Amino acid sequence: MMPQDKTPNGTANRHRKAHRKSRGGCRNCKLRRVKCDESKPSCTQCTSYGVTCNYHTSSSVSDLQMRFGGPVSMSLDAGESCIVPFNPYPRTASTAKQRVQLPLPLSFSTQMPVYFPGNPYGLDPDSAGRLTRFKTRTSLSISTPTGAFVFQQVTTDLALSHPYLMHVLQTLTSVHDRYLSPTPLPRATPTEIHHLSLSASLFNTKLSSPISPSDRDPIWATAALLGILAFAWTDATSASESWPLAPANPSDLEWMKMSENKIAVFNLTNPMRADSVFRPVSADFLKVNGAVAIPERGVEGIPDPFVKVLGLGDGDDELSSPYFKAMHVLAHLLPLMCNRTRFVTFLRFVTHLTPGFKRLLQDKDARALLMLAWWFAKVCRGVWWIERRARLECQAICIFLGDVCRGDRDVELLLRWPRERCGLDSGEIGPDLDLDWVSGMR
């Protein structure tokens with residue numbers, strides 16, 4: 001054994017173990033003051049923490065930007081269902097026994113905590129205030145009247161005993177605060193980044209473990225709120241900063257990826273089961289995820305201008321054309337007005353996108369983008385958490401298509417109403433679709 005140096009008072013002087021410094025680490029790890037393993041494309045620390053990795057100073061990815069998506073898979077272990085997120089970090093027996101805390105930054109926890117009945121941890125006064133605002137305000141604004149009642153009465157109580165749900169609830173309320181502010185900030189606040197990052201980390205840990213029956217409702221509540229946040233969470237302030245005009249970003253189309261994860265969680269937790277607290281909103285689930293009555297083949301019900309631009313014919317079906325199903329779903333929505341009561345019906349467009357159509361969106365296919373612009377135009381005055389993204393990305397798509405499809409009179413004709421609706425030309429949201437146009441073109 002090597003001898004230790006002695007200090008003047010006779011005690012041993014410990015030498016710090018030598019280690020290699022990470023000079024090429026990502027910005028997130030430097031900000032959090034943790035060692036980055038420099039794995040590409042995403043380091044281990046960022047994957048575990050639930051944020052998008054950002055190595056280069058020129059990267060368009062914001063610091064500590066939440067990673068919503070990522071593939072998921074299901075597995076069965078000793079008769080228990082488990083949903084596993086991308087690159088999970090399983091809990092050990094020792095960490096599973098540890099009491100889960102709500103860690104808060106120093107600046108957030110300088111006041112005495114507030115305790116609630118059934119709450120195993122204390123909330124600082126700011127977090128307690130957000131919890132109250134969620135119950136009295138935000139919960140009433142994110143769903144249908146029936147769904148709002150369930151979120152108001154049930155989700156708050158579940159959050160008091162499930163930290164991953166508490167953190168996402170805190171995030172959504174903070175985003176809503178920003179939306180309602182007389183001078184709303186365009187970017188996410190440190191409070192939002194903090195709570196959303198912790199929610200992702202705790203939720204990934206939860207999903208990496210066997211799911212018990214009592215876990216199903218809080219897991220579904222968390223997935224539902226994350227789905228809302230996937231639409232509400234955007235740092236874009238203009239069309240030029242929005243997809244598809246902005247430089248490529250790992251967070252592009254996160255709302256679409258999160259929808260895939262929500263479907264997996266829905267199948268795992270089955271919120272329509274008889275003993276679920278979400279059973280009263282089964283009708284809403286069916287409006288979103290239920291089958292859509294579309295013909296096996298043909299273009300009946302689709303306006304003629306879309307038939308022409310998409311190249312659809314009487315013999316086309318879902319296998320022959322990647323536009324077939326999405327366009328039939330969109331055609332069902334065109335005569336409807338999107339409002340708080342009916343907006344869940346408009347989510348059918350998202351939940352029924354086929355893998356082929358999703359690839360077209362990722363490749364910025366002009367015809368797929370045109371259909372998405374129309375959907376964004378329909379929902380841009382529906383509910384607060386989708387309005388900003390729908391308006392900005394509808395504007396960005398219209399500008400993008402105006403460039404790549406310049407001179408195509410048929411596409412330019414179909415861009416007129418989305419441009420007017422999203423306020424691209426006037427700066428103000430335009431009127432809803434002229435229903436006479438819909439009926440006259442069928």
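A. Main features of the overall build of the chain. A tally of helices and strands in the chain yields 19 helices and four strands. Pairs at least 24 residues apart make up 66% of the contacts formed inside the chain by residues separated by at least 6 positions. Looking at the chain as shown, the accessible area adds up to about 21500 Å², and 54% of this sits on carbon and sulfur atoms.

B. Focus on the side chain of Arg130. Positionally, Arg130 belongs in helix α4 (residues 125-136). Buried and unpaired, Arg130 has Asp124 as its nearest opposite-charge partner, separated by 4.9 Å. In this structure the side chain of Arg130 is engaged in a polar contact, spanning 2.7 Å, whose partner is the side chain of Gln170.

C. A look at empty space enclosed by the protein. One pass over the structure, following the stated rule, counts four cavities of 30 Å³ or more. Each pocket or cavity is described by its volume, and for the largest cavity that value is around 500 Å³. In terms of lining, the largest cavity is formed by 28 residues, of which the most central are Trp220, Ala224, Lys262, Val288 and Leu347. Of all the secondary structure elements, the ones that give two or more residues to the lining of the largest cavity are α5 (145-159), α8 (216-232), α9 (254-269), α10 (282-289), α13 (343-346) and α14 (348-351). When residues in the lining of the largest cavity are grouped by element, the largest group, six residues, is from α9.

D. Structural view of the packing of aromatic side chains. As enumerated under the stated definition, the model contains 17 aromatic pairs in all. Between Tyr179 and Trp384, the ring centres sit 5.4 Å apart and the planes meet at 40 degrees, which makes this aromatic pair tilted. In this pair, Tyr179 is assigned in helix α6 (residues 163-180) and Trp384 in helix α17 (residues 384-404), connecting sequence segments 205 residues apart. Three or more aromatic residues link up through ring pairs in this structure, and these residues are Phe231, Trp255, Phe343, Phe349, Phe357, Trp375, Phe376 and Trp385. The ring of Tyr55 carries the charged tip of Lys40 above its face, separated from the ring centre by 4.6 Å.

E. Fine view of the packing of α5 against α6. Axis separation between α5 and α6 bottoms out at 7 Å; the angle between their running directions is 120 degrees. Classed by the angle they form, the pair α5 and α6 counts as oblique. Along the contact surface, α5 presents Thr155, Thr156, Leu158 and Ala159, while α6 presents Pro163, Leu165, Met166 and Leu169.

Conventions adopted
Residues numbered from 1 in each chain as written. Predicted model: local features only at pLDDT ≥ 70, side-chain atom pairs only at ≥ 80, totals over all residues. Heavy atoms only, no water. Helix = DSSP H or I, 4+ residues; strand = E, 2+ residues; numbered from the N terminus. Contact = heavy atoms within 4.5 Å. Areas by Shrake-Rupley, 256 points an atom, 1.4 Å probe, with all protein chains shown as cover. Buried < 20%, exposed > 50% of the residue type's maximum accessible area, 1.4 Å probe, protein only. Lys, Arg positive; Asp, Glu negative; His and termini not counted. Salt bridge = Lys/Arg side-chain N within 4 Å of Asp/Glu carboxyl O. Polar contact = N/O pair within 3.5 Å; in protein donor to acceptor, adjacent residues only side chain to side chain. 1 Å grid on protein atoms, 1.4 Å probe; cavity = no way out; pocket = protein on both sides within 12 Å on 5 of 7 lines; lining within 4 Å. Points joined across faces, edges and corners; volume = space filled by probe spheres on them. Phe/Tyr/Trp six-rings, centres within 6.5 Å; stacked < 30°, edge-to-face > 60°. Lys NZ or Arg CZ within 6 Å of the ring centre and 35° of its normal. Axes fitted to C-alpha atoms, helices over the stretch in contact; angles between N-to-C directions. Parallel < 35°, antiparallel > 145°, perpendicular 65-115°, else oblique.

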